2 protein chains.
Amino acid sequence: MNARRSPQSPAALSPATATATATAVAPRYRQVRSHVLGLISSGTLVAHDRIPSENELVRTLGVSRMTVNRALRELADDGVLLRVSGVGTFVADERVHAHPLEVRNIADEVRSRGHAYSARVVTLTTLRADAALAARLGVAPDASLQHSSIVHCENGRPLQLEDRYVNPAVVPGYLKNDFTRITPYEFLVRAAPLQQAEHTVQAVMPDARLRRLLKLDADEACLLIRRRTWSDGRVVTAADLWHPGKRYELSGTFEPLA
Amino acid sequence: MNARRSPQSPAALSPATATATATAVAPRYRQVRSHVLGLISSGTLVAHDRIPSENELVRTLGVSRMTVNRALRELADDGVLLRVSGVGTFVADERVHAHPLEVRNIADEVRSRGHAYSARVVTLTTLRADAALAARLGVAPDASLQHSSIVHCENGRPLQLEDRYVNPAVVPGYLKNDFTRITPYEFLVRAAPLQQAEHTVQAVMPDARLRRLLKLDADEACLLIRRRTWSDGRVVTAADLWHPGKRYELSGTFEPLA
DNA sequence: GGTATCATCCTGTCTATACAGGTTGGCCAG
DNA sequence: CTGGCCAACCTGTATAGACAGGATGATACC
C-alpha cells in the first residue's frame, strides 16, 4: 500500500540561481528539508507514510539528487524520517528520541522535528533550601533558591516536566523571565557559561502530580533525568526532567576514537 | 563494477572497491572520518589545532573533495571539529555538551565498588530471528541467532537482567562459554573489536518475568538500555539490559573546559 | 502450480567540476 | 608607515553522472 501520491508541488523552490538576492536565501537543501517538514506538519503525510522518492523530488523541486539526498539524510539523522535502502523513505513514528546525555534546548529539539513547541508554567516560587537541595546546589541550608516548574509540550502534548532550582547568588533574576517565550536553558546559558554538567538517569513510577501534568497512562513509567550544571566552579542550577516512558527515549551512538 | 579506479596516492585508504570482499568495507567517508579521529586520539592533533584542509586530505587520501567534506561536516556536527568558513577546520574543545553512554563490563563495575559479583544463567538457546530481530541484527529473517538470558547480581541482589542476541556468523561459539565465570562482554570484546555502539534508554513497566527475575517491588519501574555493537560494519550483538528502577541509575560527569 | 530470472525502482555512495563568499597575507601606491 | 587592492586559500553549496546492491513485481519456463 503506497498510499498518498506526491502532493503536486508548486514547482521549483527559490528563484533558482538568481545569483544574489539582497537577503540571504536558505541553502537549497534547507529548502528541501523545509518542504518535507511542511508535508508532515501540515498533516499531508503522517507516520509510516511513504514520502516521494529522491528522483520524484528532483523532478518536482528542480534540484539535483545530491541536494535532495542531503536533506533527506539529515532528516533521517534527526529521526524525522526512516530510510530503507532499496525500498523508500517513510515518516518515522512518533516516539521521540533525544541524544544521549546532552545539554540542549528542548524548544530547538522539538522545532527541529518540524513540530510546534509550547510551554506551560506550573509554578514559579522562591523557597528555602532543605538539606538535600542545599547539598545538591552547594549552598548553605536555608539559603534562598528560585524554583520553576514548567511543562514543555510538543504539538500540545506534554513531553517533559522540568523542575528546576536556580542559585540566585550565581544567576539573579531567574524568575523574572517569561518562560512561555524563552526556555530556562536559553536564559541560563546566556547568563552563565556552561562549563560542567552531571547527569543521572533513572526509571521511576509517576506519582499523582506527574500523571496529571504529563497526562500519563495508568501503566506508564517515567524516565527521570537529573542534571546539575556548573559555571566558574559553582552549581548554577539543578533540574529534574521527567519524561513519559511511552513517548520518549534517549539514544545515541558511541564510537571509540579509532 | 569497480567504477572507482582510484588515482593511487601515497597513503590512500582501502583498496578501492575490490569487488566483493567477504566482509563489508566501510564507506570511504567513514574511512576519512576514522583517519581524522585517529589523528586526534593518537595525540598528533590536540584541541584548537588546525587539521589538514579538504584539498590536502583529497591529495593525501586519494578521495574526492565531496567525500572529505561529508566526513568533516559530520565530525563538526558531532562536535569533534570546529569549522570556520574561509579559515580552516580545527579540533574542538573538550566536549561539555554530550556524554556518550559507554560500554563497560558490569562485573568490573560491581567489583570497582568493592562488592561481590555473581551471575545466574537463566537460559541459553539457539533460535531463529523473527522480523524484528533480523532487522536489529542486520541478518536475514529466519537466520540462526544465539540468545542468552543472564541475571547479573551485586552482593547476591539482582542488578541487571541481560537478554542478549549474538550473530554466530560474526562471532561463533558464543554459547559455549561458562557465563558464571566470564561475562558476555568479556568474551565478545575479545572475539570482535568494539568499533561502534548504539544505545537507547527507556523507562518501562516490568512484566511478570522481569519482576520475578529482578525481584522487583510491586511499584518499581524498570530502566531498559538497548544496545547494539558493531565490528567491521556488522552488528555483533544486540542486548536488552533491564535494571531495577530503585537501585540503578546511569550517571556521567563532564570535565570543565580548560 | 511453482520457480527462476530479469527489468525496474529505490537508496547509498563516489567522483569531477563549478561557483559563492569569507579570510588572510602580501604587495604596491600614496 | 598606512591604506587599499588583490591573489591565494578556505569552507559551503550545488550540479550531473555513475555504479553498487537491496527490494519487488512481472514474466517466462518447468
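Thresholds, definitions, all that
Residues numbered from 1 in each chain as written. Chains lettered and ligands numbered in written order. Predicted model: local features only at pLDDT ≥ 70, side-chain atom pairs only at ≥ 80, totals over all residues. Heavy atoms only, no water. Helix = DSSP H or I, 4+ residues; strand = E, 2+ residues; numbered from the N terminus. Contact = heavy atoms within 4.5 Å. Areas by Shrake-Rupley, 256 points an atom, 1.4 Å probe, with all protein chains shown as cover. Axes fitted to C-alpha atoms, helices over the stretch in contact; angles between N-to-C directions. Parallel < 35°, antiparallel > 145°, perpendicular 65-115°, else oblique. Left-handed = near helix turned anticlockwise from the far one by under 90°. Near = heavy atom within 4 Å. Polar contact = N/O pair within 3.5 Å; in protein donor to acceptor, adjacent residues only side chain to side chain. pLDDT = per-residue confidence, 0-100. Patch = residues over 30% accessible without salt bridge, like charges linked within 9 Å, V, L, I, M, F, W, Y side chains within 5 Å. Salt bridge = Lys/Arg side-chain N within 4 Å of Asp/Glu carboxyl O. Phe/Tyr/Trp six-rings, centres within 6.5 Å; stacked < 30°, edge-to-face > 60°. Buried < 20%, exposed > 50% of the residue type's maximum accessible area, 1.4 Å probe, protein only. Arc of directions from axis to C-beta. Core = buried A, V, L, I, M, F, W, Y, C linked by side-chain atoms within 4.5 Å.

**Student:** Provide a residue-level description of the overall build of chain A, including the pertinent values.
**Tutor:** Broken down by element type, chain A carries 7 helices and 10 strands. Here the analysis covers contacts within chain A between residues at least 6 apart in sequence; of these, 61% occur between residues at least 24 apart. Accessible surface computed for chain A: about 12600 Å², of which carbon and sulfur atoms make up 52%.

**Student:** Before we move on, can you summarise the packing of helix α3 (residues 65–77) of chain A against helix α3 (residues 65–77) of chain B with the specific residues and values?
**Tutor:** Two numbers describe how α3 of chain A lies on α3 of chain B: the axes approach to 14 Å, and their chain directions differ by 30 degrees. Taken as axis vectors, α3 of chain A and α3 of chain B run roughly parallel relative to one another. Read as a crossing pair, α3 of chain A and α3 of chain B show a hand that is right-handed. Between α3 of chain A and α3 of chain B, the contacting residues are R70, R73 and E74 of chain A on the first element and R70, R73 and E74 of chain B on the second.

**Student:** How would you summarise the protein's contact with DNA strand C if you had to cite specific residues and measurements?
**Tutor:** Looking at DNA strand C, there are 27 residues lining it, with R65, M66 and R83 of chain A together with R28 and T67 of chain B nearest. The sugar-phosphate portion of DNA strand C accounts for 65% of its atoms within 4 Å of the protein, the bases making up the rest. In this structure, Y29 of chain B approaches DNA strand C through a side-chain N or O atom, which is 3.2 Å from a phosphate oxygen. Interatomic distance of 2.9 Å between a backbone N/O atom of S64 of chain B and a phosphate oxygen of DNA strand C. Of all the elements in the fold, those that place two or more residues in the surface near DNA strand C are α3, β1 (81–84) and β2 (88–91) of chain A together with α1 (28–41) and α3 of chain B. At 4 residues, α3 of chain B tops the list of elements feeding residues into the surface near DNA strand C.

**Student:** Let's hear about the confidence of the model for chain A: which residues, and what values?
**Tutor:** When the pLDDT values of chain A are averaged, the result is 83; 85% of them are 70 or greater. Residue range residues 1–12 of chain A is modelled with pLDDT below 50. Its contacts to residues more than four positions away, or to other chains, number 16 contacts.

**Student:** Could you give an account of a nonpolar patch on the surface, with specific residues and numbers?
**Tutor:** On the surface, a cluster of nonpolar side chains totalling about 240 Å² of accessible area is made up of L82, V84 and V87 of chain A. Relative to the helices and strands, L82 of chain A is located in strand β1.

**Student:** Pulling in residues and values, what's your account of the packing of aromatic side chains?
**Tutor:** Tallying each qualifying case throughout the model produces 4 aromatic pairs over all chains. Where Y174 of chain A meets F179 of chain A, the ring centres are 5.0 Å apart and the plane angle is 45 degrees; that geometry is what we call tilted. With respect to class, Y174 of chain A is no different from F179 of chain A; both count as buried. On the numbers, 6.1 Å between centres and 45 degrees between planes, the contact of Y174 of chain B with F187 of chain B is tilted. Taken as a pair, Y174 of chain B in the loop between β5 (157–166) and α6 (184–191) and F187 of chain B in helix α6 lie far apart in primary sequence, 13 residues in all. What makes Y174 of chain B buried here is its relative accessible area of 0%. Linked through ring pairs, Y174, F179 and F187 of chain A together constitute an aromatic cluster.

**Student:** Provide a residue-level description of the environment of S64 of chain A, including the pertinent values.
**Tutor:** Tracing the backbone through its elements, the reader meets S64 of chain A in the loop between α2 (54–61) and α3. Counting along the chain gives 35 residues from S64 of chain A to Y29 of chain A, while the straight-line C-alpha distance between them is 9.7 Å.

**Student:** I'd like a rundown of the environment of E54 of chain B, residues and numbers included.
**Tutor:** Residues and elements named next belong to chain B. Summarising the element assignment, E54 is placed in helix α2 (residues 54–61). In sequence terms E54 and N69 are 15 residues apart; their C-alpha atoms lie 6.7 Å from each other. Contacts of E54, omitting those with residues within four sequence positions, involve R65, V68, N69, L72 and R83.

**Student:** Any details on α2 of chain B? Residues and values, ideally.
**Tutor:** Residue and element names in this part refer to chain B. Those residues of α2 not exposed but buried are E54, L57 and L61. Considered in projection along α2, the buried side chains sweep an arc of 60 degrees and stay on one side of the axis. Tucked into the core, α2 has its buried residues touching α1, α3 and β1 (81–84). Where α2 terminates, the next one or two residues include G62, which has phi positive at roughly 70 degrees.

**Student:** Any details on the nonpolar core? Residues and values, ideally.
**Tutor:** In this structure, V171, V201 and L223 of chain A together with V171, V201 and L223 of chain B are the most contacted members of the largest nonpolar core, which totals 53 residues. Beyond its immediate chain neighbours, meaning those up to four positions away, V171 of chain A contacts V166, F187, L188, A191, A192 and V236 of chain A. With 18 residues, the next largest nonpolar core counts Y29, L39, L45 and I51 of chain B among its residues.

**Student:** Talk me through the pattern of salt bridges; I want residue IDs and the actual numbers.
**Tutor:** Tallied over the full model, the rule gives 24 salt bridges over all chains. In this structure, the salt-bridge partner of R73 of chain B is E74 of chain A, at a minimum N-O distance of 3.9 Å. Here the residue R73 of chain B occupies a position in helix α3, and E74 of chain A occupies one in helix α3, the pair thus bridging two chains. Owing to a relative accessible area of 14%, R73 of chain B belongs among the buried residues under this scheme.

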